[in-house]
Amino acid sequence: MIYVEDKNLVIPGQILADDEYYPGRGTFKEDGKVCSSLMGLVSLRNKKIRVIPLKSKYVPKKGDVVIGKINDVRFSMWDVNINSPYSGILPAFEVFGRDKKELSKVYDVGDVLFLRVIDVDEVKKAKLGLKGRGLGKFKGGIIVDISPTKVPRLIGKKGSMINMIKNKTNCKIVVGQNGLVWVKGDDDMEQLTREIIHTIEVEAHTSGLTNKIKNKLCLAIDGELPVEETDEEFVLEKPKLQNFKEELEQEEREKAEAEVQDDAGEDGESEEVETEVQDDAGEDGESEEVEAEENNDAEDKPNFYDVIKELKKKSQNKKDKNISYSDNSNNNSFILNNR
């Protein structure tokens, strides 16, 4: 069971939840209860509960981007104030490599730099570097100091808050995770931005802060409140009825046209078939004429057996015994012998 809600303000020793929840930063567990160890705002993430302090100093962490001010120039490094109880150093080889140059001619005391935390040792001393996009020395502008715990609220969800301030004031703004903010623009816009940033720091725990800041910017710059965006009224239109009769008639017309085209195609094919049949008939007529001529030729030629019969008849009529005949069926010929 939990006894508080997200973003509630709590004090040290206050019971936050039962044993079901896990203690996070700014809390401790005692007798199965999760309690707050400082004054701050509750942050709930699933079953883990944390307390974000209202005021705190920056503790360096590897990978953070910070804004620092040169405090001292030494033999081979710069000593940098990073708004933390722990010191920061910028080694010369991180800037020059192996080259040897006079450090004060590059960065001198009072210069403000945008840096990245490369490493943190056992005593929380931060080793800094300048390798990365946008890192380097700032020129001009002002520095605004806020609590590091309020940096996420200043940036907003996906940069919504900080981008709104940039677009409205036309200022360049760079936010360090150590709570230092660099602002550059017109003098009056720089001062307005400083005021807006401090308002966000004080009221970071309140709801509706984005709209409040938007109204404040519009009043200060435009002299009037922004026009409220209203949702367009949604009108439910009556659905149109489909005319199925027209659709059916259209389908019938298309079907009839398709049948006409098919019939035209079949007529063309039938004509071709008739032509081929006529051609075949002509060829058959010629073949029949050839067969008839062959039959006539066959009729004109005398039959072998008929010739023999005719000869027999003649021999009987003449009663000529001196004439004899023989049949040689092998060579299809006959021989007349006179005795």
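Residues numbered from 1 in each chain as written. Predicted model: local features only at pLDDT ≥ 70, side-chain atom pairs only at ≥ 80, totals over all residues. Heavy atoms only, no water.

**Let's talk about the overall build of the protein**
- On a plain count of helices and strands, the protein comes out with seven helices and 18 strands.
- Each of the 339 residues in the protein was classed as buried or not, and the buried ones make up 29%.
- Once local pairs closer than 6 in sequence are excluded, the contacts in the protein between residues at least 24 apart make up 55%. (Helix = DSSP H or I, 4+ residues; strand = E, 2+ residues; numbered from the N terminus. Buried < 20%, exposed > 50% of the residue type's maximum accessible area, 1.4 Å probe, protein only. Contact = heavy atoms within 4.5 Å.)

**Thoughts on a positive patch on the surface**
- A grouping of Lys7, Arg25, Arg45, Lys48, Arg50 and Lys61 is seen on the molecular surface, where their side chains present a positively charged patch.
- Accessibility expressed as a relative area gives 68% for Arg25, which makes it exposed. (Patch = residues over 30% accessible without salt bridge, like charges linked within 9 Å, V, L, I, M, F, W, Y side chains within 5 Å. Areas by Shrake-Rupley, 256 points an atom, 1.4 Å probe, with all protein chains shown as cover. Salt bridge = Lys/Arg side-chain N within 4 Å of Asp/Glu carboxyl O. Lys, Arg positive; Asp, Glu negative; His and termini not counted. Charge placed at Lys NZ, Arg CZ, Asp CG, Glu CD.)

**A closer look at the layout of surface pockets**
- Here the largest pocket defines a volume of roughly 1,100 Å³.
- The wall of the largest pocket is formed by 35 residues, among which Arg50, Ile52, Pro148, Thr149 and Pro152 lie closest to the centre.
- Secondary-structure elements contributing two or more residues to the lining of the largest pocket are β6 (40–45), β7 (48–53), α2 (151–155) and α3 (160–169).
- Classifying every residue of the lining of the largest pocket by side-chain character gives 15 nonpolar, nine polar and eleven charged. (1 Å grid on protein atoms, 1.4 Å probe; cavity = no way out; pocket = protein on both sides within 12 Å on 5 of 7 lines; lining within 4 Å. Points joined across faces, edges and corners; volume = space filled by probe spheres on them. Nonpolar A, V, L, I, M, F, W, Y, C, P; charged D, E, K, R; others polar.)

**Let's talk about the sheet that holds β7**
- A sheet is described by the order of its strands in space; here four strands give the open sequence β1-β6-β7-β3, paired in mixed fashion. A strand with exactly one partner marks an edge of an open sheet, and here the two such strands are β1 (9–10) and β3 (22–23).
- By the bridge criterion, two bridges tie β1 to β6 in an arrangement that is antiparallel. When the bridges of β6 are listed, Leu9 appears paired with Leu41. (Pairing = 2+ DSSP bridges.)

**Here we look at the sheet that holds strand β16 (residues 180–184)**
- The sheet built from three strands is open, its strands ordered β14-β16-β15 with antiparallel pairing. With one partner strand each, in any of the chains shown, β14 (142–145) and β15 (172–175) form the two edges of the open sheet. Shown here is a sheet whose adjacent strand axes are inclined to one another by a mean of 20°, direction ignored.
- As defined by bridge partners, β14 adjoins β16 across four bridges and the pair is classed as antiparallel. Its bridge partner lying in β16, Val144 is registered against Val181.
- The sheet strands contacting helix α4 (residues 187–202) are β14, β15 and β16, and the helix crosses β14 at an angle near 10°. (Axes fitted to C-alpha atoms, helices over the stretch in contact; angles between N-to-C directions.)

**Some words on unusual backbone geometry**
- Positioned with a positive phi, Asn46 is a non-glycine residue whose angle comes to about 55°.
- For Asn46, the location among the structural elements is in the loop between β6 and β7.
- Asn46 gets classed as exposed once you look at its relative accessible area, which sits at 77%.
- Here Asn170, not a glycine, exhibits a phi torsion of approximately 60°, which is positive.
- Mapped onto the elements of the fold, Asn170 is located in the loop between α3 and β15.
- A residue is classified by how much of its surface remains accessible, and Asn170, at 66% relative accessible area, is exposed.

As far as function goes, none of this settles anything; it's purely spatial.
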